[in-house]
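# Structural features, examined
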Amino acid sequence: MRDDHVDVLIVGAGLSGIGAAHHLQERCPGKSYAILEAREASGGTWDLFRYPGIRSDSDMHTLGYRFRPWTDDRSIAEGSKILNYVRDTASEAGIDRHIRFNHRVVGAAWSSEDARWTVRAERVDTGETVSVTCSFLFMNTGYYRYDEGYTPELPGLDRFAGEVVHPQHWPEDLDYAGKRVVVIGSGATAMTLVPAMAEDAAKVTMLQRSPTYVISMPGEDGLANRLRKHLPDRIVYPIVRWKNVIAQGIFYRVSRKRPELIKKLLRRGAIRALPPGYDVDTHFKPKYNPWDQRVCLVPDADLFRALGDGSAEIVTDRIEAFTEDGIALESGGKLEADVVITATGLNLLFLGGMKIAIDGAEPDLPRALTYKGMMLSDIPNFAYTLGYTNASWTLKADLTSEYICRLLNHMDAGGHRICTPRVSDPAITEEPLLDFNSGYVLRSIQHLPKQGSKEPWKLRQNYPVDLRMLRHGAVDDGTMKFSSPPPRAQSEAATQALAASS
Ligand SMILES: Cc1cc2nc3c(=O)[nH]c(=O)nc-3n(C[C@H](O)[C@H](O)[C@H](O)COP(=O)(O)OP(=O)(O)OC[C@H]3O[C@@H](n4cnc5c(N)ncnc54)[C@H](O)[C@@H]3O)c2cc1C
């Protein structure tokens, strides 16, 4: 059992955790920190997912860090390039020296007397339990379970003689060349897999229960690539980042205010990209409004092209049962398959599944309110990163880290050791954390904390608004309460620490 203490403990060495460490090194250079990572590698999502065609589905000028320009010609980038970008960020700034791999954090206990967290982690490689104490705990564990993707009940699946693969656990040696592939699902993963697998498979069928809105965008950003010929990256990057923030913001807000207009535009886009007579209304016209669920982006119309050249098809139907050689459909049709890909989604997981205790009591996390989308009511010295649902994750991740650094510096300047967001306005009512009705959100929303009806408890999902609040707004806003342990407890804690170290 190894015991040690850091000022800030970051959990998770994915895009967010490495970004958080970078901000911390730059803005709070005096703080000691460590990163605990459950896996034996960094990069999170971008290391885990290895399916054919894996790529971003938002542009890298906003999915990239604010502090590190994205310089590749591709704006919708391959997963391996994103992984290199994250890892290069870590190695160039010496962040990787702070990562402790194979440490799965399972619990964290806060002591108000000592103003510190004791964090318990299981060593995935040795089975040992390790405990680390920290003054501030910063969770960067993403939003879904790593060990298991979501697979719905698929009747008769065990009868199927072919191979069944979930994209989260892609076998390196899966050979689908010349085979008949059925991809079940209609989310971003299915949309990525279908054109990528269609290049080698005999035929790829995307089997969806209901359609998704799909929009095609150029895989390269023309403005970025033109400007980069004349100007340095540090000038081009923020220009393109802001262009994309504004464009995405307009698209999102018009979608919410005038859904009929956006529905018409999306339909027209699909009709134009598909062969004449294609049944757009069956396969690309959802019943819900755009951004009730995520709108799927496909680069350079690759999905539409695969549908157009016949290497892929979409079937909108329901599974009646698997048979030995395929899937029987409720409509009476049948899909023959050698390989079935269950692109049926993720299992949401908040805080990496970690249990929390505050002075010995377990807080009711689903009743907690999110403060500025990064801390929780009544939980001291604790933050988490949760990106936007309607824009690139990193826009919010960067702001979150910047704000936490401001908060830590504010506490040092005022001699405070504890910061706790407290709800004092009785008029604040609870709302669900996410206003999305995608299956993966609905399956887990009851386990997530809530948002409040008013700022700073309300999630705006709006980068310019958050930027104003988090980069420029007051840290001491009346809601965040600052304190320190009573002097007696402090001196007792110091004596205990001295005794333990001697
Ligand atoms: C296939 C796919 C494509 C995506 N594409 C986009 C996109 O184009 N644009 C976009 O904005 N978003 C996208 N997302 C969302 C994406 O997850 C985020 O953009 C981003 O990668 C999240 O980074 P993160 O570091 O917060 O989380 P993750 O990448 O999930 O990393 C979390 C890290 O924390 C570790 N961890 C988790 N629990 C524990 C624990 N208990 N103890 C220790 N370590 C732990 C994990 O092992 C992992 O390394 C995509 C998601 C998926 C699944």
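The coordinates are above.
Residues numbered from 1 in each chain as written. Predicted model: local features only at pLDDT ≥ 70, side-chain atom pairs only at ≥ 80, totals over all residues. Heavy atoms only, no water.

## Remarks on the nonpolar core
What counts is decided by this rule: The definition of a nonpolar core used throughout is a set of buried Ala, Val, Leu, Ile, Met, Phe, Trp, Tyr and Cys residues joined through side-chain atoms within 4.5 Å. Remark: exposure states derive from per-residue accessible area (1.4 Å probe, protein chains only) relative to the maximum for the residue type, with buried under 20%, exposed over 50%, and partly exposed in between. In DSSP terms, a helix is any run of H or I states spanning at least four residues, a strand is any run of E spanning at least two, and both are numbered starting from the N terminus. Contact between two residues is taken to exist if any of their heavy atoms lie within 4.5 Å; hydrogens are not considered.
If you look at the biggest cluster of nonpolar residues, it comprises 137 residues, and the most contacted ones within it are Trp-117, Leu-137 and Phe-382. When residues of this core are assigned to their parent elements, the largest contribution, 10 residues, is made by helix α11 (residues 393-414). Ignoring sequence-local partners within four residues, the contact set of Leu-137 consists of Leu-9, Val-11, Ala-108, Trp-117, Val-119, Met-354, Asn-381, Phe-382 and Ala-383. With 13 residues, the next largest nonpolar core counts Val-182, Leu-207, Ile-319 and Ile-327 among its residues.

## Considerations on helix α7 (residues 233-257)
Spelled out, the test is: By definition here, a helix of n residues has an expected span of 1.5 Å times n minus one.
The end-to-end C-alpha separation of α7 is 36 Å, in line with the 36 Å expected for 25 residues at 1.5 Å each. At its buried positions, α7 is contacted by α3 (60-63), α4 (79-92), α6 (222-227), α8 (259-273), α11 and α13 (463-472).

## Observations regarding the sheet that holds strand β9 (residues 203-208)
Note the cut-off: Being paired, for any two strands, means DSSP has found at least two bridges between them. To get an axis, fit a line to the C-alpha atoms, keeping to the stretch in contact for a helix; angles then go from 0 to 180 degrees between the N-to-C directions.
Read across the open sheet, the five strands follow the order β7-β16-β8-β9-β12; overall the sheet is parallel. Because the sheet does not close on itself, it has two edges, and the strands there are β7 (163-165) and β12 (312-316). The average angle at which neighbouring strand axes cross in this sheet is 20°, direction not considered. Bridge analysis of β7 against strand β16 (residues 339-342) gives three bridges, and the strand direction is parallel. Note that in β16 the partner of Val-165 across the bridge is Ile-341. Strands in contact with helix α5 (residues 188-198) are β8 (180-184), β9, β12 and β16; relative to β9, the strand with the most contacts, it is inclined by about 165°.

## Quick word on the site of the ligand
Cut-off, in case you're wondering: Throughout this document, a residue counts as near a molecule or strand when at least one of its heavy atoms sits within 4 Å of that molecule or strand. We define a polar contact as two N or O atoms separated by no more than 3.5 Å, with the added condition that, inside protein, one atom must be a possible hydrogen donor and the other a possible acceptor, whereas residues neighbouring each other in sequence contribute only through side-chain atom pairs. Only Asp, Glu, Lys and Arg are considered charged, only Ala, Val, Leu, Ile, Met, Phe, Trp, Tyr, Cys and Pro nonpolar, and every remaining residue, Gly among them, polar.
Contacts to the ligand come from 31 residues, most closely from Ser-16, Glu-37, Asp-57, Ser-58 and Tyr-146. Contact between the ligand and Glu-37: an oxygen atom at 2.6 Å from a side-chain N or O atom of the residue. In the environment of the ligand, an oxygen atom lies 3.0 Å from a nitrogen or oxygen atom belonging to the side chain of Trp-46. Of all elements in the fold, only α1 (15-27), α2 (45-48) and β4 (103-111) reach the threshold of two or more residues within the shell around the ligand. Ranked by residue count, the leading element in the shell around the ligand is β4, at three residues. For the shell around the ligand, the class distribution of residues is 14 nonpolar, 13 polar and four charged.

## Here we look at a negative patch on the surface
Counted only if it meets this: Exposure above 30% relative accessible area and the absence of a salt bridge qualify a residue for a patch, where like charges join within 9 Å and nonpolar side chains (Val, Leu, Ile, Met, Phe, Trp, Tyr) within 5 Å. Throughout, the Shrake-Rupley method with a 1.4 Å probe supplies accessible areas, and for residues the shown protein chains are the sole cover considered. One speaks of a salt bridge when a side-chain nitrogen belonging to Lys or Arg is within 4 Å of a carboxyl oxygen belonging to Asp or Glu. For the charge count, each Lys or Arg is scored as positive and each Asp or Glu as negative, with His and the chain ends excluded. All charge positions are set by atom: Lys at NZ, Arg at CZ, Asp at CG, Glu at CD.
Together, Glu-163, Glu-172, Asp-173 and Asp-175 give the surface a local cluster of negative charge. Its location among the elements puts Asp-173 in the loop between β7 and β8. Taking the relative accessible area as the measure of exposure, Asp-173 reaches 66% and is therefore exposed.

## Focus: the pattern of salt bridges
Using the criterion set out here, one finds 29 salt bridges in the structure. Between Asp-47 and Arg-87 there is a salt bridge whose closest N-O contact spans 3.2 Å. Here Asp-47, found in helix α2, pairs with Arg-87, found in helix α4; they are 40 residues apart in sequence, far enough to count as distant. Owing to a relative accessible area of 8%, Asp-47 belongs among the buried residues under this scheme. The exposure class of Arg-87 is partly exposed, given its relative accessible area of 30%. Of the charged contacts, one joins Glu-455 and Arg-460 as a salt bridge, the two residues approaching to 2.7 Å between their closest N and O atoms. Using a relative accessible area of 39% as the deciding quantity, one classes Glu-455 as partly exposed. When salt bridges with common partners are traced through the structure, they connect Arg-39, Asp-47, Arg-50 and Arg-87 into a single cluster.

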